[in-house]
Every structure is written in C-alpha cells, then in structure tokens.
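Tertiary structure, described
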Amino acid sequence: MIIDGKLLSAKLKAQMAEQVVALKEQYGRVPSLAVILVGENPASQSYVRGKIKACAECGFESILTTMPESVSEQELLAEIAKLNADERVDGVLVQLPLPRHINEEKVIDAIALEKDVDGFHPDNVANLWLGKPCIKPCTPKGVMRMIEECGFDVAGCNAVVVGRSNIVGKPMAKLLLDANATVTIAHSRTKNLAEVTSKADILIAAVGRARMITAEMVKEGAIVIDVGVNRDAETGKLCGDVDFEGVRDKAAHITPVPGGVGPMTITMLMQNTIECFLNRQNK
Ligand code: NDP
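Here's a quick rundown of the structure. What you are looking at is a predicted structure, and each value in this text was computed from that prediction instead of being measured.

Some points on a positive patch on the surface
Among the surface-exposed residues, Arg164, Lys170, Arg189 and Lys191 lie close enough to one another that they form a single positively charged patch. Relative to the helices and strands, Lys191 resides in the loop between β5 (182-186) and α8 (193-197). Using a relative accessible area of 71% as the deciding quantity, one classes Lys191 as exposed.

Now the structure itself:
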C-alpha cells in the first residue's frame, strides 16, 4: 500500500483550518508564522512558497521576509530579534541552508525557544532527548504520523534509520525509540548495510542518494519510508533514496517521492505553529 502524504496532509490541513476558526473565536486571533528567506536558492524558494501556501490553507497569518544573499549575520539576527519580540508572531523559521558567511548555529540559537517551530533550537533538542515537552522536528514527526496511518504497532519492532543528521536521522531515531521500537541507526560507515536494513520492520531512508535502497535490502512486508529528495541524473526528475518500483511489491507500505514525506513535513510545521500558539496563549 502506498502511503499518500499529499492526501493525508490535505486531511490534516482541513482539520487544522477548522481548529483555527475555533481558536480565533476563543483567543481573538489566528496562529501566525514568520518565515525568513535569505538569497535566491530555487529549492529554498520553492520550500518557502509551500510553507506560506500551507499557512493560507490552514487559515494562519504568515509573514515572509526576504533578504539578499549579501545580508550580514548581524542584520539577520536583528530581524530574528524583531520577530521574537513581536507579540503577534507565534513561530519563527529561517529557511536553511544559509549563505556561507552566516553561522547557522548562531541563527538557530537566536530564535526564541517558544517560537522554534522547526524544533532545531538546542534547548528543544535537549528536551527531546530528555523526554521533556518540546517541539518535535517536522520531518521525523511527519514520518511517525505516516507510520501511525499504517495501523502498525511500533512497540517492540525493529526500526532501522539510514542517516544520522541532526534534522532527520537522529530525531527520527529518538521518536521511534519513544514509540518503543528497537532502533538501529545506520550511516556511511555502517558495514554490510543490506544485512542491517533487511532486518527492519520499519525502514527509514534519510540519506540523499538516489534509489540506493534496493529490493534485496528490504524485508518482505516492511514499512518503508523515503525521506530522500534527489534529482535523477538522467531525467532530472525528483526521486527518493528508495528504488520505489523495485521495492513497492516487497514492502507492505511505502511512501512515494514526491508526494510522500515532503508534504507531511510542511503539514507538521503547521501543527507545530498551532502548538507554539497554544503554548504562548496558555503561559
Ligand atoms: P545529510 O546529508 O545531513 O545526512 C545524510 C546521512 O546519510 C548522513 O548521516 C550520512 O552518513 C548518511 N549516508 C551518506 N551516504 C551513505 C551511504 N552510502 N550509506 C549509508 N548512509 C549514508 O542529509 P539530511 O539528513 O539533511 O537529508 C537526507 C535526505 O533527506 C536528503 O535527500 C534531503 O534532501 C532529504 N530531506 C527531505 C525532507 C523532506 O521533507 N522530505 C526534509 C529534510 C531532508 P555520515 O553521517 O556517516 O556522513
């Protein structure tokens, strides 16, 4: 079965749009997300467009600040400080990656914890690993929601995450651990990757290498979630880390690329914005 991230996202966004009507009645305003885009990277522009569009679909307010590639770190930090202080803003997001002359860590640190809708702030990360209330990073959160959709009991199963980045692989492993899976994290130094992945009841690919997960690396009946976004070298079309055509008949559930994890990441950003809104209203 194909897990349709676009369809699930549409359902969740419709639910949020209804919730926002009730929030407006209760609190007199709707959630508001501020997005800062630095430079003109086409992929970043496209992600930001998607985020602003999703805000409109959910009935949120959104503020888009675009800054030139040449913006100084100081100017960017000043803009973040302004949005942090703005009472009407619930979430602040700086689209990554940033130009080389800007220190990404410094920028993420500068976002107010209570407005950290991406869940990248070090205090948010610490809270996640300590099991304290926190904003969960959007991509892993979306993946968990997709697994939930399969009606599969995660507790006690073998989950393998391929990739160990701070934004996907590591938090993904923690969320699976929190759901009581037995978790293995694989990476570029893993020996016999196929042996490791073929034991997975749930296999998450978050690498960034086109179609590297092939059918012989997948256990029959597994849930296969493809986080990767790559360009096919020949056709130039988007494709995932999983050889979808080869794996689809072996997996019980599989996500497509595009139309899988991508839309769910944006939808979880909307959920996080509501969460920040409610946390701020109720503090
Ligand atoms: P990173 O480049 O930060 O991390 C990639 C990981 O893959 C690293 O941990 C690396 O290992 C591991 N890796 C590289 N080569 C291999 C290999 N041959 N075998 C096993 N592991 C390997 O990427 P991100 O985590 O940021 O993103 C991963 C993919 O997901 C990308 O395609 C990205 O575009 C996509 N993405 C999609 C999102 C969505 O919403 N759909 C959101 C975020 C990312 P090591 O640590 O040893 O170097």
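Picking up where we left off.
A closer look at a negative patch on the surface
Taken together, the side chains of Glu104, Glu105, Asp109 and Asp123 make up a negatively charged region of the molecular surface. Top element by residues in the negative patch is helix α4 (residues 104-110). It accounts for 3 residues. Note that Glu105 resides in helix α4. Judged by relative accessible area, which is 61%, Glu105 ranks as exposed.

Some remarks on the packing of aromatic side chains
Taken as a whole and judged by the stated rule, the model has 1 aromatic pair. Between Tyr27 and Phe277, the aromatic rings sit 5.5 Å apart at their centres with planes inclined by 85°, giving edge-to-face as the arrangement. One end of the pair, Tyr27, is in helix α1 (residues 5-27); the other, Phe277, is in helix α10 (residues 261-281), with 250 residues separating them in the sequence. Taking the relative accessible area as the measure of exposure, Phe277 reaches 0% and is therefore buried.

Considering the sheet that holds β5
The 5 strands lie next to each other as β5-β4-β6-β7-β10, forming an open sheet whose pairing is parallel. Strands at the two margins of the open sheet, each flanked by one partner only, are β5 and β10 (253-254). Relative to strand β4 (residues 158-162), helix α7 (residues 169-178) is tilted by about 170°, and along the sheet it contacts β4, β5 and β6 (202-205).

A short note on the packing of α1 against helix α2 (residues 42-58)
Put simply, α1 and α2 touch, their axes get as near as 8 Å, and they point 55° apart. It follows that α1 is oblique to α2 by the angle criterion. Taking contact as the criterion, the partners of Lys13, Met16, Ala17 and Val20 in α1 are, on α2, Ala54, Glu57 and Cys58. Of the residues in the contact of α1 with α2, the class split is 5 nonpolar, no polar and 2 charged.

Notes on unusual backbone geometry
The linkage connecting Leu96 with the following residue, Pro97, adopts the cis geometry, with an omega of 0°. Positionally, Pro97 belongs in the loop between β3 (91-94) and α4. Here the bond from Val257 into Pro258 is cis, since omega is 0°, no more than 30 degrees from zero. Relative to the elements of secondary structure, Pro258 occurs in the loop between β10 and α10. Look at Asn180: it is not a glycine, yet its phi comes out positive at around 70°. In this structure, Asn180 sits in the loop between α7 and β5. Given the relative accessible area of 52%, Asn180 is considered exposed. Although it is not a glycine, Arg211 adopts a positive phi angle of roughly 50°.

Rules of the game
Numbering of residues starts from 1 in every chain and runs along the sequence as written. Side-chain atom pairs in this predicted model are given and counted only at pLDDT of 80 or more, local residue features only at pLDDT of at least 70, and totals for whole chains, interfaces and linings cover all residues. Only heavy atoms go into the side-chain values, all of them from the structure, while hydrogens and water stay out. Residues with no salt bridge and a relative accessible area higher than 30% make up the patches, which join like charges within 9 Å and nonpolar side chains (Val, Leu, Ile, Met, Phe, Trp, Tyr) within 5 Å. Residue exposure ignores everything except the shown protein chains as possible cover, and the areas themselves are Shrake-Rupley values with a 1.4 Å probe. What counts as a salt bridge is simple: a side-chain nitrogen of Lys or Arg found within 4 Å of a carboxyl oxygen of Asp or Glu. Positive charges come from Lys and Arg, negative ones from Asp and Glu, while His and the chain ends are left out of the count. Just so you know, the charge point we use is NZ for Lys, CZ for Arg, CG for Asp and CD for Glu. The helix and strand labels rest on DSSP assignments: H or I over at least four residues marks a helix, E over at least two residues marks a strand, and numbering proceeds from the N terminus. Using a 1.4 Å probe on the protein chains alone, a residue whose accessible area is under 20% of its type maximum counts as buried, one over 50% counts as exposed, and one in between counts as partly exposed. Paired rings are identified among Phe, Tyr and Trp, the last through its six-membered ring, by centres lying within 6.5 Å, and are further divided according to the angle between planes into stacked (under 30 degrees), edge-to-face (over 60) and tilted (the rest). Two strands make a pair as long as DSSP finds a minimum of two bridges between them. Contacts between residues were defined by any pair of non-hydrogen atoms, one from each residue, lying within 4.5 Å. Fitted lines through C-alpha atoms serve as axes, helices being fitted only where they are in contact, and the angles separating the N-to-C directions of these axes extend from 0 to 180 degrees. Any angle that falls under 35 degrees is termed roughly parallel, while one over 145 is termed roughly antiparallel, one within 65 to 115 roughly perpendicular, and all others oblique. Think of it as three bins: nonpolar holds Ala, Val, Leu, Ile, Met, Phe, Trp, Tyr, Cys and Pro, charged holds Asp, Glu, Lys and Arg, and polar takes everything else, Gly as well.

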